[in-house]
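Listed below, chain by chain, are the residues.
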Amino acid sequence: MRIFVTGGAGYIGSHVVKALGEKGHDVVVFDNLSSGNEWALLSGRLIKGDLCDKALLGSAIREFRPEAVVHFAALIQVEESVREPLRYFRNNTANTLNLLEVMKENSVGRFIFSSTAAVYGIPEKVPVDEEAALNPINPYGASKVAVEMMLRALAPDPAFKYVSLRYFNVAGADGSARIGQAYKESTHLITRALKTAKGEFDRLSVFGTDYQTPDGTCIRDYIHVDDLADAHLFALNYLSEGGKSDVFNCGYGHGYSVREIVETVKKVTGIDFKVVETDRRAGDPPVLIADSLKIRRKLGWSPRYDNVEYIVRTAWEWERKRRRK
Ligand code: UDP
């Protein structure tokens, strides 16, 4: 298939581009390289462009004539979204509107959207399923809910089918350490802990130890990035086979506490770094775990790397390689 991937040079996008290449798909990546890197493309061709440039986007789509669009390009930092909410609605919501309009103008009718567990806010029930209310507690989550609303409004259109994938905590890296997370600022727990082990930070903060969880720290459902990449391939197949527009959680269905992750990072790296307990971070739900039955049943997806040590080990191998670069 010809597949147009926005944001394909970023962390998750580049793992999906890798998987698409391995399956023999013809890929064009459209990325402004604001946080992505050209070296991360293990297959496909890059068009350097921004989704706000509708003319460039239109000519790229007209020329390539994709059979499907997979849309990653977005800003993803919760705290930044609180400081600059309009930037998030511009980048994540308005730019997606541009993309959907260009798709419609060019009769491109299959769309895979990168959504997030942040659409649920603080869920009433855990594990959270796709029927749960959408109550984002930050502008990042709201900018993604706004796109889901646009998509829902398009659902009756027989010429347009979408799958929205709600990602839980994505972590890990390519098993051969060719690509991985390369953000300028890493706020995510596993990367932050590994960088502390490497000596880039002198300590790791544990944000809050008084949550209503067995060890007092927050619990998250960590999914390996290659398993998440597979979910996109299953979603593309599903749409190719005439599947209806739908929304799926992407997670394993069980979680680890911050303390458990810290212990795993210490064990995998063999480095006993300094850990300090600090106040809660604003906006953190205590427990976020996916009910992932729907994606398993309807798309036939199942995880290959549901092993927290493997997740941490691949991320660690990537981090060490980056130091040598
Ligand atoms: N966390 C932490 N120290 C850090 C980074 C994160 O204690 O340096 C905690 C954070 O408060 C949350 C969990 O680790 O409970 C996962 O955070 P992350 O930023 O990785 O992902 P999020 O769940 O916010 O998307």
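In what follows, the structure referred to is the one given above.
Let us look at the structure shown here.

Conventions we followed
- Residues numbered from 1 in each chain as written.
- Predicted model: local features only at pLDDT ≥ 70, side-chain atom pairs only at ≥ 80, totals over all residues.
- Heavy atoms only, no water.
- Buried < 20%, exposed > 50% of the residue type's maximum accessible area, 1.4 Å probe, protein only.
- Helix = DSSP H or I, 4+ residues; strand = E, 2+ residues; numbered from the N terminus.
- Pairing = 2+ DSSP bridges.
- Near = heavy atom within 4 Å.
- Areas by Shrake-Rupley, 256 points an atom, 1.4 Å probe, with all protein chains shown as cover.
- Nonpolar A, V, L, I, M, F, W, Y, C, P; charged D, E, K, R; others polar.
- Core = buried A, V, L, I, M, F, W, Y, C linked by side-chain atoms within 4.5 Å.
- Contact = heavy atoms within 4.5 Å.
- Arc of directions from axis to C-beta.

Turning our attention to the pairing of strand β4 (residues 68-71). Alternating residues of β4 divide into Ala68 and Val70 and Val69 and His71, and every residue in both groups is buried. Across three bridges, the pairing between β4 and strand β5 (residues 110-116) is parallel. Following the sheet pairing, valine 70 is matched in β5 by isoleucine 112.

Before going further, it helps to examine the site of the ligand. Among the 15 residues in the neighbourhood of the ligand, the closest are listed as Leu189, Ser205, Arg220, Arg281 and Asp284. The protein chains hide 88% of the 520 Å² of surface that the ligand would expose on its own. Contributing elements (two or more residues each) for the shell around the ligand: α6 (189-198) and β8 (204-207). Ranked by the residues each element gives to the shell around the ligand, the list is headed by β8, at four residues. By residue class, the composition of the shell around the ligand is seven nonpolar, four polar and four charged.

This brings us to the nonpolar core. With 59 residues, the main nonpolar core has Val5, Ile12, Leu165 and Ile190 as its most contacted residues. Counting residues per element, this core draws most heavily on helix α7 (residues 225-240), which supplies nine residues. With residues up to four places along the chain from it excluded, the contact list for valine 5 reads Val17, Leu20, Val27, Val28, Val29, Phe30, Val70 and Phe72. Judged by nonpolar contacts, the second largest core, of 21 residues, contains Phe64, Val69, Leu99 and Met103.

Whether parallel or antiparallel, the strands of a sheet pair through hydrogen bonds between backbone atoms. In spatial order, the strands read β12-β9-β14; together these three strands make up an open sheet with mixed pairing. Both outer strands of the open sheet, β12 (256-257) and β14 (287-288), are each paired with one neighbouring strand and no more. Looking at chain direction, strand β9 (residues 219-220) and β12 are connected through two bridges and run antiparallel. Within β12, the residue paired with arginine 220 across the bridge is tyrosine 256.

Moving on, we come to helix α2 (residues 54-64). Given 3.6 residues per turn, any residue in an α-helix points the same way as the ones three and four places further on. Of all the positions in α2, only Leu57, Gly58, Ala60, Ile61 and Phe64 are classed as buried. Down the axis of α2, the sector holding all buried residues measures 165°, keeping them to one side. Turned more than 90 degrees away from the buried face of α2, the exposed residues are Ala55, Arg62 and Glu63. Check the buried side of α2 and you find it contacts β1 (2-6), β2 (26-31), β3 (45-48), β4 and α4 (85-105). A positive backbone phi angle near 50° is found at arginine 65, which sits one or two residues after α2.

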